[in-house]
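Each chain, letter by letter, is given below.
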Amino acid sequence: MTPPSPTISRVRTSVFEPATAIDRTFPEFPAAQPIDENNYFKKHKPPPYLSEISKDVANFIASHNKQNRKVVLVTSGGTTVPLENNTVRFIDNFSAGTRGATSAEYFLENGYAVIFLHREFSLLPYSRHYSHTTNCFLDYMNEDENGQVVINAEYQNEMRVVLRKYQNARDKGLLLVVPFTTVHQYLFTLKLISQELSVIGPNGLFYLAAAVSDFFLPHSRMPEHKIQSQNDNDGKLRVSLEAVPKFLSRLVDSWAPLAMIISFKLETDSNILLSKARGALERYNHQLVIGNLLQTRKKEVVFVTPEEGEHWIRLTDEQHANGTEIESLIIPEIMSLHEKWCEKTSTL
Ligand SMILES: CC(C)(COP(=O)(O)O)[C@@H](O)C(=O)NCCC(=O)N[C@@H](CSSC[C@H](N)C(=O)O)C(=O)O
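Residues numbered from 1 in each chain as written. Predicted model: local features only at pLDDT ≥ 70, side-chain atom pairs only at ≥ 80, totals over all residues. Heavy atoms only, no water.

Trainee: Could you give an account of the overall build of the protein, naming the residues involved and the relevant values?
Mentor: Across its full length, the protein holds nine helices and 14 strands. Taken over 348 residues, the protein has a buried fraction of 48%. Counted over contacts in the protein with a minimum sequence separation of 6, partners at least 24 positions apart contribute 74%. (Helix = DSSP H or I, 4+ residues; strand = E, 2+ residues; numbered from the N terminus. Buried < 20%, exposed > 50% of the residue type's maximum accessible area, 1.4 Å probe, protein only. Contact = heavy atoms within 4.5 Å.)

Encoded structure:
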């Protein structure tokens, strides 16, 4: 009997849709202006699998709302920008998915239900501990004297802890895993989930850790087939991208106005991190921006809120050395802010 899955959506997002490979019905996409945040969704076709995901999400939220359980949407991993309809080349955004997958575990262990909107094939909660790139699970196994495949004795305890947490989330239906690959798929799926999650008001929490593209190539200007290097454009590749609509304003103002919304600001220059994080908070009027530098994102983050300004969360050298995960410090602080948000919003 196959084990129950953690409701992993059956859709695949990492393959292009041949049917639209040469669809020229898409109008020329104007440069992104505020008004175009909405036009983007009117002028682009949604991914064909969206109705399937909608059913999974609606059932998931309804079942946890009945138990008055808080639900958090965790976005994780980087979005891609395809350069050809029959995609061979694409622009990717850096993200291994560690922040999202690790944070999802701490939310689950603190009583939240989690919708995990992630880049397909990036790290997932629990299995991230034994992913093919870090700790290959095969290295934890051996054959015993009877030829039975077993987990090596020295790893039994640590793996049992992860296994039990995973089974608890799976068997109680606390985790819904939804994939994306392109920025287009991400934006349509985020909008769908946001509008479904809006029904639970302040009990809904958004933790936007995905690395989202800021620019994209509109369908109407996308070549059907693989760009040929030798004879196209004198051997040079010139790409003119449009700005991705600033969807965060739509999420805050319209899609889920009562939810608590947290975005991440990723920079590599420490001199601009705080001003960019403050700028995002002023621009979108949501509740929290978590700033982090690519280079030190596993050791420190800065919380920027309208009420308290900013404060840093940092691992001590000892914590970093003993494997403490910074998300174990981040999530409890977020839960406390979310509790206050629920109290404040429910009295409105
Ligand atoms: C991606 C990382 C650094 C985690 O890394 P891994 O653990 O390796 O996965 C995450 O912590 C993060 O900063 N995520 C957010 C990154 C991001 O793209 N943030 C956007 C804001 S949300 S995208 C919104 C859009 N650009 C807009 O302005 O509306 C930005 O910095 O601009």
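Here the narrative resumes.
Trainee: Could you give me a rundown of the environment of I200, with the residues and numbers involved?
Mentor: Mapped onto the secondary structure, I200 falls in the loop between α5 (183–197) and β8 (204–208). According to the relative accessible area criterion, I200 is buried, its value standing at 7%. On a C-alpha basis, the gap between I200 and I61 in space is 8.1 Å, while along the polypeptide they are 139 residues apart. Apart from the residues lying within four places of it in its own chain, the contact partners of I200 are I61, N65 and V71.

Trainee: Just give me the short version of the site of the ligand, but keep the residues and values in it.
Mentor: Residues in contact with the ligand amount to 19 residues; listed here are only the nearest, S95, G97, R99, D214 and N292. Contacts to the ligand include D214, whose side-chain N or O atom sits 2.6 Å from a nitrogen atom. At 3.3 Å, a side-chain N or O of R297 approaches an oxygen atom of the ligand. Relative to its free-state accessible area of 720 Å², the ligand is covered by the protein chains to the extent of 94%. (Near = heavy atom within 4 Å. Polar contact = N/O pair within 3.5 Å; in protein donor to acceptor, adjacent residues only side chain to side chain. Areas by Shrake-Rupley, 256 points an atom, 1.4 Å probe, with all protein chains shown as cover.)

Trainee: Describe helix α3 (residues 98–109), with residues and values.
Mentor: The end-to-end C-alpha separation of α3 is 17 Å, in line with the 16 Å expected for twelve residues at 1.5 Å each. Across the twelve residues that make up α3, a large majority, ten, are buried. Once α3 ends, the next one or two residues include G111, with phi positive near 90 degrees. (Expected span 1.5 Å × (residues − 1).)

Trainee: Can you break down the sheet that holds strand β1 (residues 71–76) residue by residue, with the values?
Mentor: Two modes of strand pairing occur in sheets, parallel and antiparallel, and in both the strands are linked by backbone hydrogen bonds. In space, the eight strands of this open sheet follow the order β7-β4-β1-β8-β11-β12-β13-β14, with mixed pairing throughout. The two strands at the open ends of the sheet, each matched to only one other strand, are β7 (175–180) and β14 (309–314). Pairs of neighbouring strands in the sheet enclose a mean axial angle of 15 degrees, with direction left out of account. Where β1 lies against strand β4 (residues 113–119), six bridges are found, and the strand directions are parallel. If you follow V74 over to β4, its bridge partner there is F116. (Pairing = 2+ DSSP bridges. Axes fitted to C-alpha atoms, helices over the stretch in contact; angles between N-to-C directions.)

Trainee: A description of the environment of L208 should follow, citing residues and the corresponding values.
Mentor: Here L208 lies in strand β8. What makes L208 buried here is its relative accessible area of 5%. Apart from the residues within four sequence positions on either side, L208 is in contact with T75, Y186, L190, F247, L248, L251, I261, I262, S263 and F264.

Trainee: Describe the nonpolar core, listing the residues and the values that go with them.
Mentor: I115, Y186, F206, L208 and F247 are the most contacted members of the largest nonpolar core, which totals 50 residues. Beyond its immediate chain neighbours, meaning those up to four positions away, F247 contacts Y186, L187, L190, L208, V212 and W255. Ranked by size, the runner-up nonpolar core spans 38 residues in total, among them Y126, L175, L337 and W341. (Core = buried A, V, L, I, M, F, W, Y, C linked by side-chain atoms within 4.5 Å.)

Trainee: Please give an account of the packing of aromatic side chains that cites residues and values.
Mentor: For the structure shown, the criterion picks out 13 aromatic pairs. Relative to F247, the ring of Y186 lies with its centre 6.0 Å away and its plane at 75 degrees, an arrangement referred to as edge-to-face. Taken as a pair, Y186 in helix α5 and F247 in helix α6 (residues 247–255) lie far apart in primary sequence, 61 residues in all. Between Y207 and F264 the ring centres are 5.1 Å apart and the planes differ by 80 degrees, which places this aromatic pair in the edge-to-face class. (Phe/Tyr/Trp six-rings, centres within 6.5 Å; stacked < 30°, edge-to-face > 60°.)

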